[in-house]
Amino acid sequence: LFSGNCGESWEIRKSLQGSALGSTVLSTSWTPSLPEHWTTVHMTNITSQYWNQNFRYKFRFEGSGGNNLYLDNINIYPGGPSDALVGEPVNDISELEPAQQINLFPNPADGELNISYVVTGNKATTVQIVDLLGKVISGHKINSMTGENLVVISTENLAPGLYNAQITVDGKSYVKQFMVK
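Notes on the structure follow. Owing to the predicted nature of the structure, the values given are computational and were not obtained by experimental measurement.

Regarding its fold elements, the protein chain presents 0 helices and 10 strands. Traced from its N-terminal end to its C-terminal end, the protein chain shows the element sequence β-β-β-β-β-β-β-β-β-β. In the structure as shown, the protein chain presents an accessible area of about 11,200 Å², 48% of it carried by carbon and sulfur atoms.

Right, here's the structure in full:
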């Protein structure tokens, strides 16, 4: 949740449930210890109304019979994302995993589109929404972190129809088609 007025009012900007939080089910105690145990969530819907001296954010966890929730390495920055990588640099940076590991949901999108993908090293990534005529509707520079990444894109201002999500890492682009209701 985000607030631009020092917490007097809050607006939910993203709600994650079920397998979007993780899919590990264990009956014993567990703590994340490897990069693949984490999912990095990138949100592109934090608008300029929040970037003031009264900016606040908070996380809310609700569970019924659930377990622990781990949050780490939270990076919030205003304006255009930096090309500088967030987090510790990785010396052995590999290419984006095969395109079949890129998932878009829900499809058709209604209000927002989630783009899930995997990288094997910290990478500057570009995510673009492109119409079928090739016009770039929106573009976001993302500081992808090792492991699974989830990018949340608002589709509220898109007309119903077909679009392409283009993910570019180190000059290699992967395209997946989606529909907006």
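The discussion continues.
We now examine the nonpolar core. Formed by 20 residues in total, the largest nonpolar core has its most connected members in Leu113, Ile115, Tyr117, Val127, Ile129, Val151 and Phe178. When contributions to this core are tallied by element, the ones reaching two or more residues are β5 (112-119), β6 (123-131), β8 (147-154), β9 (161-169) and β10 (172-180).

Scanning the entire structure with this criterion turns up 4 aromatic pairs. Ring geometry for tyrosine 163 and phenylalanine 178: centres 5.9 Å apart, planes at 25°, overall stacked. Note that tyrosine 163 is positioned in strand β9 and phenylalanine 178 in strand β10, a separation of 15 residues in sequence. You can call tyrosine 163 buried: its relative accessible area is 8%. Phenylalanine 178 gets classed as buried once you look at its relative accessible area, which sits at 1%.

As for its placement among the helices and strands, glutamine 53 is situated in the loop between β2 (39-43) and β3 (56-57). Classification of glutamine 53 as exposed rests on a relative accessible area of 74%. Sequence separation between glutamine 53 and cysteine 6 is 47 residues, and the spatial gap between their C-alpha atoms is 8.3 Å.

On to a nonpolar patch on the surface, then. Nonpolar side chains collect at one region of the surface, where Tyr57, Phe59, Phe61, Leu69, Leu71, Ile74 and Ile76 lie side by side and expose about 650 Å² of accessible area between them. Secondary-structure assignment places isoleucine 74 in the loop between β3 and β4 (103-105).

On to the pairing of β2. Burial along β2 is one-sided: the residues Thr40 and His42 are buried and none of Thr39, Val41 and Met43 is. Sheet analysis places β2 next to β8, joined by 5 bridges and oriented parallel. If you follow threonine 39 over to β8, its bridge partner there is glutamate 148.

This part covers the pairing of strand β7 (residues 136-144). Here β6 runs beside β7; their pairing, made up of 8 bridges, is antiparallel. Paired with alanine 124 across the bridge in β7 is asparagine 143. Between β6 and β7, which pair antiparallel in sequence order, lie 4 residues; one of them, glycine 134, sits at a positive phi of approximately 95°.

Okay, the sheet that holds β8 next. Two orientations exist for strands paired in a sheet by backbone hydrogen bonds: parallel and antiparallel. Spatially, 4 strands are ordered β2-β8-β5-β4 in an open sheet, and the strand pairing comes out mixed. Of all the strands in the sheet, the pair left with one neighbour each is β2 and β4. Here the strands of the sheet are splayed against their neighbours by 20° on average, with no regard to which way each runs.

For valine 41, the location among the structural elements is in strand β2. Taking the C-alpha atoms as reference points, valine 41 and glutamate 148, separated by 107 residues in sequence, lie 8.5 Å from one another.

About the criteria used
Residue numbering note: each chain is counted from 1, following its sequence as written. Where totals are concerned, whole chains, interfaces and linings use all residues; where local detail is concerned, this predicted model gives features only for residues with pLDDT of at least 70, and gives and counts side-chain atom pairs only at 80 or more. The side-chain numbers reported here are obtained from all heavy atoms of the structure, hydrogens and water having been left aside. In DSSP terms, a helix is any run of H or I states spanning at least four residues, a strand is any run of E spanning at least two, and both are numbered starting from the N terminus. Residue exposure ignores everything except the shown protein chains as possible cover, and the areas themselves are Shrake-Rupley values with a 1.4 Å probe. By nonpolar core we mean a set of buried residues, namely Ala, Val, Leu, Ile, Met, Phe, Trp, Tyr and Cys, connected to one another through side-chain atoms within 4.5 Å. Residue exposure (1.4 Å probe, protein chains only): buried if accessible area is under 20% of the type maximum, exposed if over 50%, otherwise partly exposed. Classification of ring pairs uses Phe, Tyr and Trp, with its six-membered ring standing for Trp, and accepts pairs whose centres are within 6.5 Å; under 30 degrees between planes counts as stacked, over 60 as edge-to-face, and the remaining range as tilted. Exposure above 30% relative accessible area and no salt bridge define the residues that can form patches, which grow by joining like charges within 9 Å and nonpolar side chains of Val, Leu, Ile, Met, Phe, Trp and Tyr within 5 Å. Salt-bridge detection follows one rule: a side-chain nitrogen of Lys or Arg within 4 Å of a carboxyl oxygen of Asp or Glu. In this scheme, strands are said to pair when DSSP sees at least two bridges between them. Inter-axis angles, ranging from 0 to 180 degrees, are taken between N-to-C directions of lines fitted to C-alpha atoms, where helices are fitted over the stretch in contact.

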